[in-house]
Amino acid sequence: MTDSSPGDKPAVKADQASRPYSPGLEGVIAGETSLGYVDGERGRLTYRGYRIGDLVAHGSYPAVANLLWTGDWEPNHRLPTAPIPPAVLAVLRALPATTKPMDALRTAVSAWGTTLDLPWPPTVDQARALTSFSPSALAAFARLRAGQEPIEPDPSLDLVEGFLYQLTGSRPDAGTARALDAYFIVGAEHGFNASTFTARVITSTRSDIVSAITGAIGTMKGPLHGGAPSEVVDQLSQVGSADHAEAWVREALAKGERLMGFGHRVYRAYDPRAAALRTVAEGMAHKPDWLQLAIEVEDVVLRVLAEKHPDRPLKTNVEFYAAPVLMGVGLAPDLFPATFSLARHAGWTAHALEQAANNRLIRPDVNYVGPPERDLPS
Ligand code: ACO
């Protein structure tokens, strides 16, 4: 120990003043990844170098998840949903009827972790097991709150088809399953967003993969992260019909409202995920009524936003076309954020694997801005 005297009491560390602080860590490089690349200026998104549009056109969610976990492209890779351990089902049954789907999913994942021994470092098998468990848990919760019994997984169905089957009790038609699968692919990974960063921070402490994903779900629960598609539905229902779109949009902007599904912190060009989802939704055999309205409203919104913000490119983001796809497959809007979380399981778990493979405890510094060292009042 060293003695100190009043003369040794700096308010902040000497080097702190010279180091820049970026609120929200905006612009700070906080890691390295080979999983996904978001090029906001050009409106490009790749997973391990492969374009998102090509992955949607030629892949499936299980193949994309496997690509993120292993780096290998196996287009026929399968991943059925997994059964729910009895202890986890008991937890789901015990939840109050008012439980929100994100809380139910977070609780189910955490409870699932108590039934297993999941040592650090995380493995691809752990990632696969967790990603295939969670859709069963969310489907079971949705049925229990509606007074229905959960449905066992059908191992002949792939993950997204199996999720819809366990949710509704009937096998979805191919177009419906394909549309939701596309949504899962575009939602699988998106760089160092808040929930992915959370998963990496937790993994960096050598905590287990379940803790990492439980924390990530808690992060995605925040409306700044996972809430927009149901708000798109609210806005489209307020618009009602394409004839009213222009008047509604101008009035909303005059009131200072944000138009949901437009603008993005990173993309300055059309979000490639929105383009991919629009193509898939247009290809659905039973096109959702919401789709035609969305297409007509989009034209109006883009024109009015360009007029109001000539220097700030505000384009369509993924949430805008996620809304008609999710409505079109018959999901209740309050399930949208939890369904987004199911899709992001592939990315979260892949980031946990990547973090663990080259681990360094994530522990940034903070500028101390409180009072200087002082004596307690006597
Ligand atoms: N509707 C109307 N005006 C908008 C919109 C919008 N959707 N987005 C930005 N603007 C305007 C702002 O009012 C601001 O105008 P001002 O300069 O006159 O004040 C200007 O554009 C810049 O806005 P910022 O908030 O600085 O833009 P930023 O890029 O940081 O915001 C955000 C990104 C939060 C997504 C914003 O565009 C928004 O609120 N969009 C609506 C919500 C939404 O769709 N969220 C989903 C995003 S995708 C995802 O998270 C997966």
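Residues numbered from 1 in each chain as written. Predicted model: local features only at pLDDT ≥ 70, side-chain atom pairs only at ≥ 80, totals over all residues. Heavy atoms only, no water.

1. Regarding the overall build of the chain
Phase 1: Helices and strands together make up the secondary structure of the chain, namely 16 helices and three strands.
Phase 2: Expressed along its principal axes, the backbone C-alpha trace of the chain runs to roughly 80 × 55 × 45 Å.
Phase 3: By the burial criterion, 49% of the 378 residues in the chain qualify as buried.
Phase 4: When the accessible surface of the chain is split by element, carbon and sulfur atoms take 53% of a total near 18500 Å². (Helix = DSSP H or I, 4+ residues; strand = E, 2+ residues; numbered from the N terminus. Buried < 20%, exposed > 50% of the residue type's maximum accessible area, 1.4 Å probe, protein only. Areas by Shrake-Rupley, 256 points an atom, 1.4 Å probe, with all protein chains shown as cover.)

2. Structural notes on the pattern of salt bridges
Phase 1: A complete count under the given rule lists 20 salt bridges for this structure.
Phase 2: Measuring nitrogen to oxygen at the nearest pair gives 3.3 Å for the salt bridge that ties Arg265 to Glu26. Here Arg265 is found in the loop between helix 12 (245–254) and helix 13 (272–282), whereas its partner Glu26 is found in the segment before strand 1 (36–39), with 239 residues between them in sequence.
Phase 3: The residue Asp154 makes a salt bridge to Arg171 at a minimum N-O spacing of 2.8 Å. With a gap of 17 residues between them, Asp154 in the loop between helix 5 (124–145) and helix 6 (159–168) and Arg171 in the loop between helix 6 and helix 7 (174–187) connect regions that are remote in the sequence.
Phase 4: Judged by relative accessible area, Arg171 falls into the exposed class, the value being 52%.
Phase 5: Linked through salt bridges whose partners overlap, the residues forming this network are Glu246, Arg250, Arg303 and Glu307. (Salt bridge = Lys/Arg side-chain N within 4 Å of Asp/Glu carboxyl O.)

3. Description of the sheet that holds strand 1
Phase 1: One open sheet accounts for three strands, arranged 1-2-3; its pairing is antiparallel. Either end of the sheet is taken by a strand with one partner, and the two such strands are strand 1 and strand 3 (50–51).
Phase 2: Two strands pair when backbone bridges link them, and strand 1 and strand 2 (residues 44–47) are joined in this way by four bridges, in the antiparallel orientation. Residue pairing for strand 2: Asp39 is matched across the bridge by Arg44. (Pairing = 2+ DSSP bridges.)

4. Concerning the packing of aromatic side chains
Phase 1: Scanning all chains against the criterion turns up eight aromatic pairs.
Phase 2: For the pair Phe163 and Phe184, a centre-to-centre distance of 6.4 Å together with 50 degrees between the ring planes defines the contact as tilted. Placement of the pair is Phe163 in helix 6 and Phe184 in helix 7, with a sequence separation of 21 residues.
Phase 3: Exposure remark for Phe163: the relative accessible area of 0% places this residue in the buried category.
Phase 4: Residue Phe184 is classed as buried on the basis of its relative accessible area of 0%.
Phase 5: Between Tyr183 and Phe184, the ring centres sit 6.4 Å apart and the planes meet at 75 degrees, which makes this aromatic pair edge-to-face. (Phe/Tyr/Trp six-rings, centres within 6.5 Å; stacked < 30°, edge-to-face > 60°.)

5. Digging into the nonpolar core
For soluble globular proteins, the rule of thumb is that nonpolar side chains tend to be buried together.
Phase 1: Ranked by size, the top nonpolar core spans 105 residues in total, and within it Tyr47, Leu180 and Phe184 carry the most contacts.
Phase 2: Mapping this core onto the domain boundaries places at least three of its residues in each of domain 1 (52–226 + 345–357) and domain 2 (229–328).
Phase 3: In contact with Phe184, other than residues within four places in its own chain, are Tyr61, Leu159, Val160, Phe163, Thr339, Leu342 and Ala343. (Core = buried A, V, L, I, M, F, W, Y, C linked by side-chain atoms within 4.5 Å. Domains from an automatic or database assignment. Contact = heavy atoms within 4.5 Å.)

6. Notes on the pairing of strand 2
Phase 1: Sheet topology note: the strand 2/strand 3 ladder contains two bridges and is antiparallel. Bridge assignment links Thr46 to a residue of strand 3, and that residue is Arg51.
Phase 2: The loop that links strand 2 with its antiparallel partner strand 3 comprises two residues; one of these, Arg48, has a positive phi angle of about 50 degrees.

7. Overview of helix 14 (residues 289–308)
Phase 1: The terminal C-alpha atoms of helix 14, which comprises 20 residues, lie 29 Å apart, in line with the 28 Å expected from a rise of 1.5 Å per residue.
Phase 2: Looking only at helix 14, the buried set comprises Leu291, Leu293, Ala294, Ile295, Val297, Glu298, Val300, Val301, Val304 and Leu305. (Expected span 1.5 Å × (residues − 1).)

8. Section: the site of the ligand
Phase 1: Around the ligand, the surrounding shell holds 19 residues, and the nearest of these are Leu259, Gly261, Phe262, Arg265 and Arg312.
Phase 2: At 2.8 Å from a nitrogen atom of the ligand is found a main-chain nitrogen or oxygen belonging to Leu259.
Phase 3: In isolation the ligand exposes 920 Å². Once the protein is present, 68% of that is buried.
Phase 4: Grouping the amino acids of the shell around the ligand by side-chain chemistry returns eight nonpolar, five polar and six charged. (Near = heavy atom within 4 Å. Polar contact = N/O pair within 3.5 Å; in protein donor to acceptor, adjacent residues only side chain to side chain. Nonpolar A, V, L, I, M, F, W, Y, C, P; charged D, E, K, R; others polar.)

9. Digging into the packing of helix 14 against helix 15 (residues 318–328)
Phase 1: Where helix 14 contacts helix 15, the axes come no closer than 9 Å and their chain directions differ by 165 degrees. By the angle between their axes, helix 14 is roughly antiparallel relative to helix 15. Where helix 14 crosses over helix 15, the two elements pack in a sense that is right-handed. The segment helix 14 lies against helix 15, with Trp290, Leu291, Ala294, Ile295, Val297 and Glu298 engaging Phe320, Tyr321, Pro324 and Met327.
Phase 2: Looking at the contact of helix 14 with helix 15, its residues break down into nine nonpolar, no polar and one charged. (Axes fitted to C-alpha atoms, helices over the stretch in contact; angles between N-to-C directions. Parallel < 35°, antiparallel > 145°, perpendicular 65-115°, else oblique. Left-handed = near helix turned anticlockwise from the far one by under 90°.)

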